[in-house]
Amino acid sequence: MELSAIGTGFNYALTCPAQSYFPLIPSASAPTTTTRRKNSQRTSAVTATPLLKEPRNESQPPPPSGQRRHSKSYLARQAAILEVQQSSDLDSALQRLEGTLKVQDLNVILRNFGKQSRWNDLSQLFDWMQQNDKISVASFSSCIKFMGKSLNPMRALEIYSNIPDEAIKSNVFICNSVLSCLVRSGKFDISTKLFHKMKQNGLTPDVITYSMLLAGCIKVKHGYSKALDLVQELKYNGLQMDSVMYGTLLAVCASNNQCEEAESYFNQMKDEGHSPNIFHYSSLLNAYSAVGNYRKAEELVQDMKSLGLVPNKVIRTTLLKVYVRGGLFEKSRELLLELEALGYAEDEMPYCLLMDGLAKAGNINEARSIFDEMKEKGVKSDGYSHSIMISAYCRGGFFEEAKQLAKDFEAQYDKYDLVMLNTLLCAYCRADDMESVMQTMMKMDELRISPSYTTFHILIKYFCKQKLYLLAYRTMEDMHRKGHQPQEELCSSLIFYLGKTKAHPEAFSVYTMLKYGKRTMCKALHEKILHILLSGQLLKDAYVVVKDNTELISQAAIKKFANAFMKLGNINMINDVMKVIHGSGYKIDQELFQMAISRYIENPEKKDLLLQLLKWMPGQGYAVDSSTRNLILKNSHLFGCQLIAEILSRQQMMSKALKSH
DNA sequence: ATAGGGTTAG
């Protein structure tokens, strides 16, 4: 322990030549690798210092800096810093050295813990500093920054919100650290909200604040317009864009396909006197790659070279992407050779770019030959190239080839992730290899990888194709349970098949999943499900469908529904159904009334409902015809003769009045 | 005495 402490102290002296004047430190010029024996040999030589550029000996005056006077306490503090850092019991070390260590020393330790990713120690030290009131703004700032690095934004927010002093809470360094921590942890929305709150509480943002938030726009939806807002606000506050901000802004443009904007910022940046570095070029080139603008890309690379910047692996790979997107496969191949020669093609990525481009352009055989060449050369691969080719074969309809490569992959690699599993699944489904499909699903289960939207989609489609409609339905149920909203087209066809195979309740269940999802659905689907429900005699469900979609269902379908319902539907709902279909603009005919009334006559205990219906009719312009009236009169003893006679006469008066008009 | 950015890639 002691020895190592001395050793490190010695190294520290190396970084601070001024310390070499102190006899405690043997040699400032001794290299780290020098052995202890050589060290001791040299000590005397250094004391004489005849070869040093600025020889000093005892007769010379001491250096003007204050370091000499404070040397003892300074050294004690350095030693204490080391002791704390190397201590196995942090709290006791802190207790022991409390008198020696100043706040800035503790901050040094804090930062060192951060640099070494010693998160627990960092947290413990910070707590101690807070409890012992040995803390400064810098401590907060550093600590919060490292909370971002350790991806612990909640702890950072907690620390920040526990700061009692409003002035410290609005300190720009602390605010910047908090925001940086949030942005780094992918919490852009929270950081934006907090930023506004901070401004309200008195924060004056600086370039770094804006730069940080701008960086958050790269991986975010509508990042470009958010970035523009930030830039505008920055300018409004009298701040100026610097080279860092331009770099970030270019990356935002590139990731949002704002090619022309990227170009114009690049030029603007140069006009303002900032010289672009390789990253600025890289981002702009990336923007060109999205649109395949190879002319501009080539120009840019020339421009870059003329400034003395050497295109690196990323630049060249991005240029390859430009050529691929632009459909310049000859040039792509040439560039790939160049990458190989430079040792930039040691992994499969550039090959995959070209293969994918070729396959998507319909040139699947050429893609395959690159794949084979690559395998022959023994290029490092983690299976991505297989995935590219399998997808390409599936897209092109070469299902056997896809399956072959899928099997090939499984024999060679044991690295499965969700995307790969989905790719394999797709290949096995298309090649109609049920056994492998099931094996893949078991694999997924085994690896505790939960199926994605795509997984379910592939499976459901496959099961439909296999006419395993109930299995497809169960899968869709599962998908829905996991919170995925199935695609309408898939639902629609499954509904159709389920209906055809007389799985009416299942068909309705699929319809319900779709209906309560967020997406809009095809208008014709309501009528389709209505027919299915009617053929399954699910009249209550049919009633709900009609009620909820009256204006989307044809008169013919309403008629079919109404007839079915009057014949066999729940007698208690007959009047409701009448009202609903009338409300939809459907003109109820005599046949329907007669059916309803016959049901009531068969069930005399429902006489109240019959009376209600008869009373309702004249208000809507309906009256029973003579044959129905006779039917009612014949059974009027069941319902109360007097009442029936009254109601019928009112109906008659109404219908006469209508006729005379 | 502390805070910032960017590149290829399912």
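- An unreviewed UniProt entry annotates chain A as Pentacotripeptide-repeat region of PRORP domain-containing protein originating from Hevea brasiliensis.
- UniProt lists a comment for chain A under the heading Sequence similarities (unreviewed entry), and it reads "Belongs to the PPR family. P subfamily."

1. Here we look at the overall build of chain A
Then, number 1: Of regular secondary structure, chain A possesses 37 helices and 0 strands.
Then, number 2: Burial status across chain A gives 44% buried among its 661 residues.
Then, number 3: Nonlocal contacts in chain A, meaning residues at least 24 apart in sequence, comprise 61% of its contacts between residues at least 6 apart.
Then, number 4: With the model as given, the accessible surface of chain A reaches about 34800 Å², and the carbon-plus-sulfur share is 53%.

2. Focus: the confidence of the model for chain A
Then, number 1: Confidence in the prediction for chain A averages 86 pLDDT; 89% of positions are at 70 or higher.
Then, number 2: Taking the mean pLDDT of every element in chain A, the minimum, 31, falls on helix 1 (residues 2-15) and the maximum, 96, on helix 20 (residues 349-360).
Then, number 3: Counting contacts from residues 1-67, a segment whose pLDDT is below 50, to residues more than four positions away or on other chains yields 47 contacts.

3. A few points about the protein's contact with DNA strand B
Then, number 1: Around DNA strand B sit 41 residues in total, of which Asn176, Phe279, Ser282, Lys321 and Tyr384 are the nearest.
Then, number 2: When atoms of DNA strand B within 4 Å of the protein are sorted by moiety, sugar and phosphate together comprise 51%.
Then, number 3: Interatomic distance of 2.9 Å between a side-chain N/O atom of Asn107 and a phosphate oxygen of DNA strand B.

4. Re the UniProt feature "repeat: PPR" (unreviewed entry) in chain A
Then, number 1: In the numbering adopted here, UniProt assigns the feature "repeat: PPR" (unreviewed entry) to residues 171-205, 206-241, 242-276, 277-311, 347-381, 417-451 and 452-486.
Then, number 2: This span, residues 242-276, is 74% helix and 0% strand, and a straight line between its end C-alpha atoms measures 11 Å.
Then, number 3: Between the end C-alpha atoms of residues 277-311 the distance is 11 Å, and the span holds 77% helix and 0% strand.

5. Observations concerning the packing of aromatic side chains
Then, number 1: Under the defined criterion, the tally for this structure stands at 15 aromatic pairs.
Then, number 2: Ring geometry for Phe266 against Tyr281: centres 5.1 Å apart, planes inclined by 65°, an arrangement best described as edge-to-face. A residue pair is termed long-range when its members are at least 10 positions apart, and Phe266 in helix 15 (residues 259-271) and Tyr281 in helix 16 (residues 278-291) qualify at 15 residues.
Then, number 3: Taking 6.2 Å as the distance between ring centres and 55° as the angle between the ring planes, the aromatic pair formed by Tyr543 and Phe565 counts as tilted. Taken together, the residues Tyr543 in helix 31 (residues 539-548) and Phe565 in helix 32 (residues 555-568) connect sequence positions 22 residues apart.
Then, number 4: By relative accessible area, Tyr543 is classed as buried at 8%.
Then, number 5: An aromatic cluster is built from Phe409, Tyr413 and Tyr416, whose rings are joined through pairwise contacts.

6. Some words on the environment of His274
Then, number 1: Take His274: it is sitting in the loop between helix 15 and helix 16.
Then, number 2: On the accessibility criterion, His274 (21% relative accessible area) is partly exposed.
Then, number 3: For His274 and Tyr246, which are 28 residues apart along the polypeptide, the C-alpha to C-alpha distance reads 9.1 Å.

7. A word on helix 6 (residues 119-131)
Then, number 1: In this model, helix 6 (13 residues) spans 18 Å end to end at C-alpha, consistent with the 18 Å of a helix rising 1.5 Å per residue.
Then, number 2: Along helix 6, the positions that sit buried rather than exposed are Leu122, Ser123, Leu125, Phe126, Trp128 and Met129.
Then, number 3: On its buried face, helix 6 sits against helix 4 (90-97), helix 5 (103-115), helix 7 (137-149) and helix 8 (153-161).
Then, number 4: Among the residues trailing helix 6, Asp133 stands out with phi positive, at a value near 60°.

8. Thoughts on a positive patch on the surface
Then, number 1: On the surface, Arg111, Lys115, Lys145, Lys149 and Arg184 cluster together into a positively charged patch.
Then, number 2: Elements with a contribution of two residues or more to the positive patch: helix 5 and helix 7.
Then, number 3: Along the chain, the position of Arg111 falls in helix 5.

9. Some points on the packing of helix 22 (residues 384-396) against helix 24 (residues 418-430)
Then, number 1: Their axes nearest at 10 Å, the elements helix 22 and helix 24 cross at an angle of 35°. Every pair of crossing elements has a handedness; the one defined by helix 22 and helix 24 is left-handed. Contacts from Ser387, Ile390, Ser391 and Cys394 in helix 22 reach Met420, Thr423, Leu424, Cys426, Ala427 and Arg430 in helix 24.

10. A look at the side chain of Ser87
Then, number 1: With respect to the helices and strands, Ser87 occurs in the loop between helix 3 (71-86) and helix 4.
Then, number 2: Look at Ser87 and you get buried, because its relative accessible area is 16%.
Then, number 3: Within the structure, Ser87 has its side chain in polar contact with the backbone oxygen of Asp89 (distance 2.8 Å).

11. Here we look at the environment of Leu638
Then, number 1: For Leu638, the position within the fold is in the loop between helix 36 (626-634) and helix 37 (641-660).
Then, number 2: Using a relative accessible area of 30% as the deciding quantity, one classes Leu638 as partly exposed.
Then, number 3: Residues Leu638 and Lys607, spaced 31 residues apart in sequence, show a C-alpha to C-alpha distance of 7.8 Å.
Then, number 4: Discounting residues that sit within four places of it in the chain, Leu638 has contacts with Ile601, Pro604 and Lys607.

12. Some thoughts on the nonpolar core
A general trend in soluble globular proteins is that nonpolar side chains are found buried together.
Then, number 1: In terms of nonpolar packing, the biggest core is built from 189 residues, with Phe561 and Ile581 touching the most fellow members.
Then, number 2: When residues of this core are assigned to domains, at least three fall in each of domain 2 (529-588) and domain 3 (606-661).
Then, number 3: Each residue touching Ile581, except ones within four places of it in the same chain, is listed here: Val546, Ile558, Phe561, Ala562, Tyr586, Ile588 and Leu592.

Rules behind the numbers
Every chain is numbered independently, its residues counted from 1 as its sequence is written. Chain labels run from A onward and ligand labels from 1 onward, assigned in the order the entries are written. For this predicted model, a pLDDT threshold of at least 70 governs which residues receive local features, and a threshold of 80 or more governs which side-chain atom pairs are given and counted, while totals over whole chains, interfaces and linings are taken from all residues. Only hydrogens and water are removed before side-chain values are computed, so all heavy atoms of the structure are retained for them. UniProt positions are given in the numbering used here, feature names are shortened, and annotations may be inferred rather than shown by experiment. Counting from the N terminus, the helices are the DSSP runs of H or I reaching at least four residues and the strands are the DSSP runs of E reaching at least two. Relative accessibility under 20% of the residue-type maximum defines a buried residue, over 50% an exposed one, and the middle range a partly exposed one, all with a 1.4 Å probe and only protein chains included. Whether two residues are in contact is decided by their heavy atoms, any of which lying within 4.5 Å being enough. The method behind every accessible area is Shrake-Rupley, applied with a 1.4 Å probe, and residues are considered shielded solely by the protein chains displayed. As a per-residue measure, pLDDT tells how confident the predictor is, with possible values from 0 to 100. The rule for a residue being near a molecule or strand is that one of its heavy atoms must lie within 4 Å of it. Two N or O atoms count as a polar contact when they lie within 3.5 Å, although within protein this holds only if one can serve as hydrogen donor and the other as acceptor, and sequence-adjacent residues are included solely when both atoms are side-chain atoms. Two rings from Phe, Tyr or Trp (for Trp, the six-membered ring) form a pair when their centres are within 6.5 Å of each other. A pair whose planes differ by under 30 degrees is stacked, one over 60 is edge-to-face, and the rest are tilted. Here the expected span of a helix is defined as 1.5 Å times the quantity of residues minus one. Patch members must show over 30% relative accessible area and no salt bridge, and they are joined within 9 Å when carrying like charges or within 5 Å when they are nonpolar side chains of Val, Leu, Ile, Met, Phe, Trp or Tyr. Any carboxyl oxygen of Asp or Glu within 4 Å of a side-chain nitrogen of Lys or Arg constitutes a salt bridge here. Only four residue types enter the charge count: Lys and Arg as positive, Asp and Glu as negative, with His and the chain ends excluded. Lys charges are placed at NZ, Arg charges at CZ, Asp charges at CG and Glu charges at CD. Axes here refer to lines fitted to C-alpha atoms; in helices the fit is confined to the stretch in contact. Angles between the N-to-C directions go from 0 to 180 degrees. The crossing is said to be left-handed when, going from far helix to near helix, the turn is anticlockwise and less than a right angle, and right-handed when the turn is clockwise. The criterion is simple. A nonpolar core is a set of buried Ala, Val, Leu, Ile, Met, Phe, Trp, Tyr and Cys residues joined through side-chain atoms within 4.5 Å. Domain segmentation is taken from an automatic or database assignment of domains.

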